[in-house]
Amino acid sequence: MVDLINKKKCGEAHTQEEISFLINGMLDGTIPDYQLSAWLMSVCFQGMTFDESAILTMEMAKSGDMLDLSCLGDCIIDKHSTGGVGDKTTLIVVPLLAAAGCPVAKFSGRGLGFTGGTIDKLEAIPGFRTALSTEEFLSQIKNIGAAIASQTANFTPADKKMYELRDVTATVNSIPLIASSVVSKKIAAGANVIVLDVKCGSGAFMKTADEARELAKTMVEIGKRAGKTMCAVITSMDQPLGNTIGNGIEVAECVQVLKNEGPQDLKELCLYLSAMGLVKAKKARNINEGKNYLEKFLQNGKAYEKFVEIVKYQGGDVEYIENPQRLSETQFAFEVVAEEAGYVQSLDALTAAKAAKMLGTGRDKKDDPIDYRAGVLLNKKIGDKVYKGDILAKIFANSIEQGNKSREILVQAFKLSKNPTEPTPLVVDVIE
Ligand code: URA
């Protein structure tokens, strides 16, 4: 392992044999975390060739069970986001597609770095079981058309191990590491149509559209090599998606969108990503046709009903979905108030994420507990008109100290200007 670390440190490429050695040693415990961490950091600085990334991806995919979804139909759609702030699209896209008759088999992750994770959000619903056996997972999809589960011990264990380590060693934002992490899970999860939501901007791991394009191209190519129908939608993450950041509070916002209410940006993106899935699955001719078809399932309550069904099936307390305000009940609430009038010119996603994290919504160490009820509600977003004294945001906290610190950070996220500003379009590019 020392030789491998040294090789990568000097910018040399690994062979298939070396990558297999690394993955096997990581899994059987013969390579300790400190050596893996050093190797991960070297990859962050030196990168990997395209061939190395593809080998790493396949080794990670094969490190555990590979799901065979052929029993569920000939076309199964999956979607995955590279992670953002307030990015809760999975909780809407999965029931929406399932309500429209497309089975979805979704494995999700926990929060990583400053970004939230779907599994943490779902666990904010008391009783919700995210750890399903493969049998439970498949039988749920057969019965109700969708399941959202965490990676079981046997599913891409190499990614699970690496993901946890990257989260706490500042080694997340590397194109080969993100690409292999995402695509290995998608390959092992067995769907044949894969829609990737590649975030770019301050609240994403890829800060610029060019970096995001490079990541998107890498992932699309690796997926195609494995025989998958791939598409990557590059979306803006300059400001948080929707109006909430946290765990329970984000689930509550998804409930709103599933009832055809809630913030427009979130609804639009969910419709776009789901419609892209339909187009790639050849079930819609174009995005507009797909969006129009899917929107009906938000309007007629079927997508909401499907979400309730998923929650019930996975043991979650439906009371909290019927009364979603309970998902963000905290002991204390704080407000960020506008000190001047104007328009919101920017609302920095990373700063907003830090404000939320200060409340305990994410982890610093891999076994840290998280606060499921704490979070941030953004009342104003880019382009909104603001009067002096308006509440820009609310903070829900379970400690006065954390709430005050969070407010100090969140104030910095908002920049007001005298001139009207338009938010940048959400969909920046599509890589097919
Ligand atoms: N999402 C993943 O699944 N893996 C990453 O590395 C980043 C985002």
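J.: Any details on the packing of aromatic side chains? Residues and values, ideally.
T.: In this structure the tally under the stated criterion is 3 aromatic pairs. Between Phe107 and Phe155, the ring centres sit 4.1 Å apart and the planes meet at 25 degrees, which makes this aromatic pair stacked. Linking Phe107 in strand 2 (residues 104-108) with Phe155 in the loop between strand 3 (146-150) and helix 8 (157-167), this pair joins segments that are 48 residues apart in sequence. Judged by its relative accessible area of 1%, Phe155 falls in the buried class.

J.: Run through the packing of helix 5 (residues 90-99) against helix 14 (residues 302-313), naming residues and quoting values.
T.: Close contact between helix 5 and helix 14 brings their axes to 8 Å; oriented N to C, the two are set at 110 degrees. If you check the angle between helix 5 and helix 14, you find them roughly perpendicular. Here Leu91, Val94, Pro95, Leu96, Ala98 and Ala99 of helix 5 lie close against helix 14, whose contacting residues are Lys302, Ala303, Lys306, Phe307 and Ile310. Classifying every residue of the contact of helix 5 with helix 14 by side-chain character gives 9 nonpolar, no polar and 2 charged.

J.: Please provide a residue-by-residue account of the site of the ligand, values included.
T.: All residues adjacent to the ligand are His80, Ser81, Thr82, Leu112, Tyr163, Arg166, Ile178, Ser181, Val182 and Lys185. The contact in question runs from an oxygen atom of the ligand to an N or O atom on the side chain of Arg166, over 2.8 Å. Between the ligand and Ser181, the relevant distance is 2.6 Å, taken from a nitrogen atom to a side-chain nitrogen or oxygen of the residue. Within the complex, the protein chains bury 96% of what would otherwise be the 240 Å² of accessible surface of the ligand.

J.: So, the domain arrangement of the chain: which residues are in play, and what are the values?
T.: In terms of domain boundaries, the chain breaks down into domain 1 (2-47), domain 2 (70-322) and domain 3 (327-417). On a C-alpha basis, the centroid separation for the pair domain 2 and domain 3 is 24 Å. Taken together, the contacts link 32 residues of domain 2 with 27 residues of domain 3. Taken together, both faces of the contact between domain 2 and domain 3 bury some 2300 Å²; the carbon and sulfur share is 58%. Contact with domain 3 buries area across many residues of domain 2, yet Gln239, Ile245 and Ile249 alone supply 24% of it, more than any other trio. There are 2 salt bridges connecting domain 2 and domain 3.

Rules used throughout
Residues numbered from 1 in each chain as written. Predicted model: local features only at pLDDT ≥ 70, side-chain atom pairs only at ≥ 80, totals over all residues. Heavy atoms only, no water. Phe/Tyr/Trp six-rings, centres within 6.5 Å; stacked < 30°, edge-to-face > 60°. Helix = DSSP H or I, 4+ residues; strand = E, 2+ residues; numbered from the N terminus. Buried < 20%, exposed > 50% of the residue type's maximum accessible area, 1.4 Å probe, protein only. Axes fitted to C-alpha atoms, helices over the stretch in contact; angles between N-to-C directions. Parallel < 35°, antiparallel > 145°, perpendicular 65-115°, else oblique. Contact = heavy atoms within 4.5 Å. Nonpolar A, V, L, I, M, F, W, Y, C, P; charged D, E, K, R; others polar. Near = heavy atom within 4 Å. Polar contact = N/O pair within 3.5 Å; in protein donor to acceptor, adjacent residues only side chain to side chain. Areas by Shrake-Rupley, 256 points an atom, 1.4 Å probe, with all protein chains shown as cover. Domains from an automatic or database assignment. Buried area = accessible area lost by both parts, 1.4 Å probe. Salt bridge = Lys/Arg side-chain N within 4 Å of Asp/Glu carboxyl O.

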